[in-house]
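# Survey of secondary and tertiary structure
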Amino acid sequence: MDNAEIADILSRMARLLEFKGENPFKIAAYEKAARSIKRLEADLSSIHQEGRLSGVPGVGKAIEDKIEEMLTTGTFEAYERTVAEIPRGIIEIMDISGIGPKTARVLYERLGIVSIGDLIKAAEEHRIRRLPRMGPKQEERILRAARSRVQSSDFRRTPLAVATAIARQVTEELSSSPYIMKVLPAGSLRRRKETVGNIDLIALSDEPEKAIDAFMHAGKVTQAPGRWDADEGNAHAAIIYEGNIRVDLYVGPESYCGSLMQYLTGSKEHNIHLHEVARARGYSISRSGMIYEGKQIENERPDNGVAGFATEAALYGFLGLEYLPPEIREDRGEIEAGLDGRLPALIERKDIKGDLHVHSRWSDGRNTIEELALHAGGLGYEYIAITDHSPSTGVANGLSEERLLEHIREIEDINERKEGIRLLSGTECDILSDGRLDYSNRVLEGLDIVVAAVHAGLEQDRKSMTKRVVAALENEHVDILAHPTGRKFGKRSGYDIDMEEVMQAAFDNDKVLEINSSPSRLDLNDRHARMAKEMGVKIAINTDTHSLAHFDNISYGIDVARRAWLEPADVVNTRGLKEIGSILRM
DNA sequence: GCCGTTTTCGGCCCGACTGTTTTCAGTCG
């Protein structure tokens, strides 16, 4: 159990206690402990082993005991008891953006609402607006949020980062089986889609039965919906892993691995289109190969008339296409481009030369600027921008103008002492509700880079929000717009904003839009990023790092960029220090 | 529930934003 998980349970506990109407100071104490744990650098488990838990700010005897309990059992008794006291649906209601414990309580007491279904019904019948401090606007907002919650849980899609981690675990387990030669990703996971419905894997094996057996008995299987043993060396089975995601395993021989991979990677739309291309040439494609229909399959035509391709490149090549990277197989023009030989040379991780959105301990990051510099240097970066929060983001310990000046001095100081990596002094500056920035122009002028972002006032209507962000893009000191739509997986779908207008403003003012690589954001998403490319708007792929491990999230930003057809030239942080300096007008 | 160079009891305490009010409660990051 890591620090973030422990902090999460503590802050959930705080919300449950607030729902129950407990002593506000007790609630605050849980919240304070959770916040303090989130900022810790060392792991709680090692702090515990060293007997230093009580030294953590906000952790006294009682919470210390609870942390200990969590470290051994993954939860604590008082929390489980409290969860059991409150109807499950109410806890779900509190997870809806805009509804906190107090509102949930009023809804429960006055209207008997114990589920999201009840909530939607009450809103539709206009019963919520009659509650104290509620009105038509609140009611509408709640209805909207509740409906979008129902939809998203109906789809039950899993964020890519979670699916990637689970796929890695299953792959490791399978790889230890003597009957499995190799395990490969397929489906939306391989296409690196931002969420996946299930995980598709391929195992290469000459003993499909035994490979499937190994799969069915993998560590955390909670259900096994079925297995289908086909003939000719094929097999397929599905399991539910850890009670939340379905994993499908397809087993086949190495000899036609390429055919299998192509078929199972999809997307469905891509495959349908590819089949049309094949049919026009007299072939049809199957999972196990290319079926011959009246024309000679050159080079590798087995006797049964089915040619299974060992590699995907051979399959695509056979149809006259260049190899298509999985990320763009969505039938959004890639087949035509592949036929004409005008595929983009997609950006890769090695192209990234620096990170332009990084937080240090000066605001809400976990590391010192020196540690960040050292780590980023180790990644081979030429530069990183230290962009701590501005004053309005008070909970994130945003920097006052005075502290910002000290911050700049420390960065200059390290730049003078350190060889190699160059630190850019920056800010993640709040865009206030009226479109003004949180620092004066005089202060912004003194920075190497200004990353602007919306963090509060998320409920503005489309017109105001668009105007607000456009105003920020028109400020001469702003360089980058961070997480442009504000969406967060499982929490909110992003603010209501006219992205086309925002992109036009970015283009007109020569500003950069961010692909935020944080797994819970991925913002811009792939469609927006492609739209930006088509409009000629520059992109930065940043991690929004708050601790050293977050630097690795860059791979998720790259996934988005590749799905958006971005090439190195479309992305500013593929440029070296000198060039980035001129882009940022440093 | 935490904390103490006033205290082991009694005070703690983010600030902006929004929609609801006519002075403020609830939510959020």
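Residues numbered from 1 in each chain as written. Chains lettered and ligands numbered in written order. Predicted model: local features only at pLDDT ≥ 70, side-chain atom pairs only at ≥ 80, totals over all residues. Heavy atoms only, no water.

## Some words on empty space enclosed by the protein
- Under the definition given, this model contains 1 cavity of 30 Å³ or more.
- Counting residues per element, the lining of the largest cavity draws most heavily on helix H23 (residues 554-563), at 3 residues.
- Of the residues in the lining of the largest cavity, the class split is 2 nonpolar, no polar and 6 charged.
- Counting residues domain by domain, the lining of the largest cavity receives three or more from each of domain 2 (158-252) and domain 4 (349-583). (1 Å grid on protein atoms, 1.4 Å probe; cavity = no way out; pocket = protein on both sides within 12 Å on 5 of 7 lines; lining within 4 Å. Points joined across faces, edges and corners; volume = space filled by probe spheres on them. Helix = DSSP H or I, 4+ residues; strand = E, 2+ residues; numbered from the N terminus. Nonpolar A, V, L, I, M, F, W, Y, C, P; charged D, E, K, R; others polar. Domains from an automatic or database assignment.)

## As for the pattern of salt bridges
- The final tally for this structure, using the stated rule, is 43 salt bridges.
- Here Glu207 ties to Lys210 by a salt bridge, and the two come within 3.6 Å at their closest N and O atoms.
- For Glu207, a relative accessible area of 37% puts it in the partly exposed group.
- Residues Glu312 and Arg329 are paired through a salt bridge, measuring 2.9 Å at the closest nitrogen-oxygen approach. (Salt bridge = Lys/Arg side-chain N within 4 Å of Asp/Glu carboxyl O. Buried < 20%, exposed > 50% of the residue type's maximum accessible area, 1.4 Å probe, protein only.)

## Section: the packing of aromatic side chains
- As enumerated under the stated definition, the model contains 4 aromatic pairs in all.
- With a centroid separation of 6.1 Å and 45 degrees between ring planes, the pair formed by Phe19 and Tyr108 is classed as tilted. Taken as a pair, Phe19 in helix H1 (residues 3-19) and Tyr108 in helix H7 (residues 101-111) lie far apart in primary sequence, 89 residues in all.
- Owing to a relative accessible area of 5%, Phe19 belongs among the buried residues under this scheme.
- Measuring from ring centre to ring centre gives 5.4 Å for Phe309 and Phe318, while their planes differ by 50 degrees; the resulting arrangement is tilted.
- Residue Phe309 is classed as buried on the basis of its relative accessible area, which comes to 0%.
- Given a relative accessible area of 23%, Phe318 falls into the partly exposed group.
- Directly above the aromatic system of Phe19 lies the positively charged group of Arg105, at a separation of 5.8 Å from the ring centroid.
- Sitting above the plane of the Trp565 ring, Arg530 keeps its charged end 4.1 Å from the centroid. (Phe/Tyr/Trp six-rings, centres within 6.5 Å; stacked < 30°, edge-to-face > 60°. Lys NZ or Arg CZ within 6 Å of the ring centre and 35° of its normal.)

## As for the pairing of strand S11 (residues 354-358)
- Extensive coverage of S11 is indicated by the burial of 5 of its 5 residues.
- As defined by bridge partners, S11 adjoins strand S12 (residues 383-389) across 3 bridges and the pair is classed as parallel. The residue bridging Gly354 from the neighbouring strand is Tyr383, located in S12. (Pairing = 2+ DSSP bridges.)

## Here's the deal with the domain arrangement of chain A
- Domains assigned within chain A are domain 1 (3-151), domain 2 (158-252), domain 3 (259-340) and domain 4 (349-583).
- The interface of domain 2 with domain 3 comprises 10 residues on the first partner and 13 residues on the second.
- Contact between domain 2 and domain 3 buries roughly 1,100 Å² in total, counting both sides, with carbon and sulfur atoms accounting for 61%.
- It is Arg190, Arg191 and Tyr250 in domain 2 that bury the most area against domain 3; as a group they hold 58% of the surface buried on that side.
- Along the contact surface separating domain 2 from domain 3 lie 2 salt bridges. (Contact = heavy atoms within 4.5 Å. Buried area = accessible area lost by both parts, 1.4 Å probe.)

## Some remarks on the layout of surface pockets
- Of the pockets and cavities examined, the second largest pocket occupies roughly 320 Å³.
- Lining the second largest pocket are 16 residues, with Gly187, Arg191, Asp200, Ser267 and Lys268 sitting closest to its centre.
- Secondary-structure elements contributing two or more residues to the lining of the second largest pocket are helix H11 (187-190), helix H13 (257-265) and helix H14 (268-280).
- Taken together, the residues that form the lining of the second largest pocket break down as 3 nonpolar, 6 polar and 7 charged.
- When residues of the lining of the second largest pocket are assigned to domains, at least three map to each of domain 2 (158-252) and domain 3 (259-340).

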